[in-house]
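Residue-level structural notes
So the chains spell out like this:
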Amino acid sequence: MDGGMCDVVVVGNGIIGLSTAFELSQRAADLRISVIGPPAREGAASVAAGAMLNCFGEATVSTLGDPASIAKFAVTRAALDAWPAWLDKLCDAADGARARRSMRQGTFIVLGAGAAESTISNSHAIRSALATYDEPFEEVVPAEIKGMAPEVNSRPVRALHLPREGSIDAREVLALLERALTTRGVDVIPGTVEQLVISDGRVHGVRLAGGETMSAPTVVVAAGSLTQRFIEQLPPGAVPLMLHGTGLGVLTQRHGVPGFGQVVRTPNQSGACGLHLVPLDDLGHEYIGGTNLPSFLPSAGPSIGVSFNLLRRACEDFDHRLGYSRIHRWLVGRRPVTLDGFPLLGAAPSCRGLVFATGTYRDGFHSSPVIAAHLADVVLERAVAHPYFDHFVPERPPIERTSVAAAIDEFIVHENDDAVMLGIRLPYCVAPESISGHYRRTAEDVYSRMAEPIALLPEILNAVNNEPSECLRLLNPYLRAVRERYGAWVAPRALWCAG
Ligand SMILES: Cc1cc2nc3c(=O)[nH]c(=O)nc-3n(C[C@H](O)[C@H](O)[C@H](O)COP(=O)(O)OP(=O)(O)OC[C@H]3O[C@@H](n4cnc5c(N)ncnc54)[C@H](O)[C@@H]3O)c2cc1C
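Going by what an unreviewed UniProt entry lists, the protein chain is known as FAD dependent oxidoreductase domain-containing protein and is assigned to Streptomyces lasiicapitis.

**Focus: the overall build of the protein chain**
Scanning the protein chain from terminus to terminus reveals 14 helices and 19 strands. The C-alpha atoms of the protein chain give a radius of gyration of 22 Å, which matches the 23 Å a tight globule of 499 residues would have. Expressed along its principal axes, the backbone C-alpha trace of the protein chain runs to roughly 70 × 55 × 45 Å. The buried share among the 499 residues of the protein chain stands at 57%. Taking contacts inside the protein chain between residues at least 6 apart in sequence as the whole, the part at least 24 apart equals 78%. Carbon and sulfur atoms provide 54% of the accessible area of the protein chain, an area that totals close to 20,300 Å².

**With respect to the packing of aromatic side chains**
Considering all chains together, one arrives at six aromatic pairs under this definition. Seen from their ring centres, Phe73 and Tyr133 are 5.6 Å apart, and the 55° between their planes marks the pair as tilted. Taken together, the residues span a long stretch of sequence, with Phe73 in helix α3 (residues 67-94) and Tyr133 in the loop between α5 (117-132) and β5 (138-140) at a distance of 60 residues. Among the aromatic residues, those joined into a cluster by ring pairs are Phe56, Phe73 and Tyr133.

**So, the packing of helix α11 (residues 432-448) against helix α12 (residues 458-466)**
Closest axis-to-axis distance for the α11/α12 pair is 10 Å, and the angle between their directions is 75°. Comparing their axes, α12 and α11 come out roughly perpendicular. When α11 is examined against α12, the residues Thr442, Ala443, Val446 and Tyr447 are found in contact with a partner set consisting of Leu461, Val464 and Asn465. Of the residues in the contact of α11 with α12, the class split is five nonpolar, two polar and no charged.

**Focus on α11**
Spanning 17 residues, α11 covers 25 Å between terminal C-alpha atoms, matching the ideal 24 Å at 1.5 Å per step. Tucked inside the fold, the buried residues of α11 contact α10 (404-421) and α12.

**Describing the domain arrangement of the protein chain**
For the protein chain, the assigned domains are domain 1 (102-169 + 244-332) and domain 2 (404-498). Computed from C-alpha atoms alone, the centre-to-centre distance between domain 1 and domain 2 is 27 Å. Listed by partner, the interface residues are 16 residues for domain 1 and 16 residues for domain 2. With both sides pooled, the region where domain 1 packs onto domain 2 buries about 1,300 Å², and carbon together with sulfur makes up 68% of that total. Between the two partners, domain 1 and domain 2, sit three residue pairs in polar contact (both at pLDDT 80 or more). Contributions of two or more residues to the side of domain 1 that touches domain 2 are made by α5, β16 (293-295) and α8 (304-318). Of the residues in the side of domain 1 that touches domain 2, the class split is four nonpolar, nine polar and three charged.

**Remarks on the pattern of salt bridges**
Using the criterion set out here, one finds 25 salt bridges in the structure. In this structure, Asp317 and Arg313 form a salt bridge, with 3.3 Å as the shortest nitrogen-oxygen distance. Note that Asp317 and Arg313 are positioned in helix α8 at a spacing of four residues, about one turn of the helix. One exposure class covers both Asp317 and Arg313, and it is buried. For Asp445, the salt bridge goes to Arg449, with nearest N and O atoms at 3.6 Å. Relative accessible area serves as the criterion here: at 38%, Asp445 is assigned to the partly exposed category. One salt-bridge network, in which partners are shared between bridges, spans Glu23, Arg27, Lys89 and Asp377.

**Considerations on helix α6 (residues 170-183)**
Given a rise of 1.5 Å per residue, 14 residues ought to cover 20 Å, and the 20 Å separating the end C-alpha atoms of α6 matches this to within 8%. Of the positions making up α6, those classed as buried are Ala170, Arg171, Glu172, Val173, Leu174, Leu176, Leu177, Ala180 and Leu181. Between the side-chain oxygen of the N-cap and the backbone nitrogen of Arg171 there are 3.2 Å, and the N-cap of α6 in question is Asp169. With its phi angle positive at about 85°, Gly185 sits one or two positions after the end of α6.

**Brief notes about the pairing of strand β12 (residues 242-253)**
In terms of burial, β12 is largely enclosed, as eleven of its twelve residues are buried. In this structure, β12 lies alongside strand β17 (residues 326-338), joined through twelve bridges in antiparallel fashion. Of the residues in β17, the one forming a bridge with Gly245 is Arg335. In this sheet, β16 lies alongside β12 in antiparallel orientation, the contact comprising three bridges. From the neighbouring strand, His244 faces β16, where its bridge partner is Ser295. Judged from the five bridges that link them, β12 and strand β15 (residues 285-289) form a sheet pairing that is antiparallel. By the bridge assignment, Gln253 is partnered in β15 with His285.

**Details of the site of the ligand**
Residues in close proximity to the ligand total 40 residues, the closest being Asn13, Ser46, Met52, Thr360 and His366. Note that an oxygen atom of the ligand is positioned 2.6 Å from one of the side-chain N or O atoms of Asn13. Burial of the ligand by the surrounding chains reaches 97%, relative to a free accessible area of 1,000 Å². Counting residues per element, the ones that place at least two in the shell around the ligand are α1 (15-27), β2 (33-37), α2 (45-48), α7 (228-231), β12, β17 and α9 (364-379).

**Section: the environment of Leu31**
With respect to the helices, strands and loops of the structure, Leu31 is situated in the loop between α1 and β2. For Leu31, a relative accessible area of 22% corresponds to the partly exposed category. Counting along the chain gives 82 residues from Leu31 to Ala113, while the straight-line C-alpha distance between them is 55 Å. Excluding residues within four positions of it along the chain, Leu31 makes contact with Asp7, Val8, Leu24 and Leu380.

**Comments concerning the sheet that holds strand β1 (residues 8-11)**
What the six strands build is an open sheet, ordered β7-β2-β1-β11-β19-β18; its pairing is mixed. Across the chains shown, the open sheet's two edge strands, defined by having one partner strand only, are β7 (187-190) and β18 (344-347). Across the sheet, the mean angle separating the axes of adjacent strands is 20° when strand polarity is ignored. Looking at chain direction, β1 and strand β11 (residues 218-221) are connected through four bridges and run parallel. Residue pairing for β11: Val9 is matched across the bridge by Val219. Sitting on the sheet, α9 touches β1, β11, β18 and β19 (354-358), and the angle it makes with β18 is about 20°.

Conventions and cut-offs
Think of each chain on its own: its residues are numbered from 1, step by step along the sequence as written. Totals for whole chains, interfaces and linings use every residue, but because this is a predicted model, local features are given only for residues with pLDDT of at least 70 and side-chain atom pairs only at 80 or more, for both listing and counting. The side-chain figures draw on all heavy atoms in the structure; neither hydrogens nor water molecules are used. Only runs of H or I of at least four residues qualify as helices and only runs of E of at least two qualify as strands under DSSP, and these elements are numbered from the N terminus. A radius of gyration in this sense is built from C-alpha atoms; the matching globule rule multiplies 2.2 Å by the number of residues raised to 0.38. Residue burial is assigned from relative accessible area. The probe radius is 1.4 Å, only protein chains are included, and a residue is buried under 20% of its type maximum, exposed over 50%, and partly exposed in between. Any pair of residues with heavy atoms lying within 4.5 Å of one another is described as a contacting pair. In this description, accessible areas are obtained by the Shrake-Rupley approach with a 1.4 Å probe, and a residue is regarded as covered only by the protein chains that are shown. Working definition: a ring pair exists when centres of Phe, Tyr or Trp rings (six-membered ring for Trp) sit within 6.5 Å. Plane angles under 30 degrees give stacked, over 60 give edge-to-face, the rest tilted. Note on definitions: angles span 0 to 180 degrees between N-to-C directions of axes, and those axes are lines fitted to C-alpha atoms, for helices only across the stretch in contact. In what follows, roughly perpendicular refers to angles from 65 to 115 degrees, roughly parallel to angles under 35, roughly antiparallel to angles over 145, and oblique to any angle outside these ranges. Basically, the charged four are Asp, Glu, Lys and Arg, the nonpolar ten are Ala, Val, Leu, Ile, Met, Phe, Trp, Tyr, Cys and Pro, and anything else, Gly included, counts as polar. Helix span, expected: 1.5 Å multiplied by one less than the number of residues in the helix. Residue ranges assigned to the domains are those given by an automatic or database domain assignment. Note on terms: buried area is the combined drop in 1.4 Å-probe accessible area of two parts once they are placed together, counting the loss on both. Any pair of N or O atoms that falls within 3.5 Å is considered a polar contact. Within protein, one atom must be able to donate a hydrogen and the other to accept it, and sequence-neighbouring residues count only if both atoms are side-chain atoms. For salt bridges, the criterion is a side-chain nitrogen of Lys or Arg within 4 Å of an Asp or Glu carboxyl oxygen. We treat two strands as partners when DSSP finds at least two bridges between them. Whether a residue is near a molecule or strand is decided by its heavy atoms; if any one of them lies within 4 Å of it, the residue is near.

Printed below as a string of structure tokens:
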């Protein structure tokens, strides 16, 4: 190796890489840690995040439906408790008094009159999760929410207030973490890692884009949606494919009218995330998000149609006076989403010293304190039992939450709901079933072209349908390799039902 040497290299400077490095530096002060990532963070999810600190607000009909989803929910519940102390710890390390104020508590979840089927189901799921875990909430009159002024046909019919769920200024927290790391003596290196240096079944360090190398016995890959290139250095099929969930957030400022005091959002909507508005300060700065379009290769950005629809719906469903707000910045980020939708968190047995820390999809910002604590245990080889994280070991066959037949039904609901959200209205003479029939044929066609049919999330099935040749070129070799490596794996759902 011709370059530097340290104990741990973290590849990626998003929220997961930085938080993991920070937690490690707190636990083992003498550990030599380097974080490598491009300062501009082009396309990084963390920069584009809202960032709502939502757990119950993110619940869907699937949240408590199978062991892996329940485990993921447990992580987000733990994060809800962890954030206040975590932020204090970051501020103390970085002397960032302002960031301490950037956390806001309180989230309103509103269900609009025109909500689609899956949105309504997800709103029931939120209620039921709140009751199951005895989480405080209050049913409120939608019209009494400060700032709410929707268009007449889009008035919310129900609203919940979750006092413990809120938001944080994502961009401020990233800056805070960088300051804290520098104070703790962690090396934050501007650059891009080209490849892992692997031989004899273990990692020895990384090679940077400029050709230099950095050696380390432990490498943590936290490269977000760009992790696939490193997955490809492991045996085929060992780790689920990494996809890109492109999303848009818009930073705006109010013009002459007061805004919302707390987060206002809808439940998650079919495969997309919920529409949300996050107040950022008392000067009228707000964040409007978000959209979600998964793809197998990084997309150039969200389409005009998706962006237009986001802003239209924020005006119609939340506050028509948003039409006067000024746009300060368009934020485009790619959520790291694996083929099965679950994260990759832990050591890779086929390559000693290699740890994956990614795949957090929609709630990585919120979950980051708990994920960082777990990854620090993994890196420091602490013998701690992690029943939740066991589901998310990176070397695994894809987790199937459900059967292929049920995944097709889910896809049909998802597509129908998308059409409703985009404003479709059928004349009386067109039966809704004819539209559903079209979506069923679409899904069955995709499945007939898959080498090994596995139950896909609706938005991922949609990604395959949008770009079939490009996706199947990557998907089919992966699925064949999974079959060869893991044999006829038993989906956790089947085990769960049997047990
Ligand atoms: C529009 C939008 C809204 C969202 N809203 C929320 C929300 O409200 N709440 C929430 O909890 N989550 C939200 N998320 C999801 C959340 O942002 C992600 O789960 C989380 O930020 C992922 O963090 P990460 O560090 O894994 O990935 P990233 O933030 O993508 O960071 C990866 C980093 O690695 C760097 N990198 C990539 N390749 C290399 C390489 N080869 N060498 C070195 N560095 C590399 C990248 O430049 C990047 O900086 C949202 C995401 C988006 C896009």
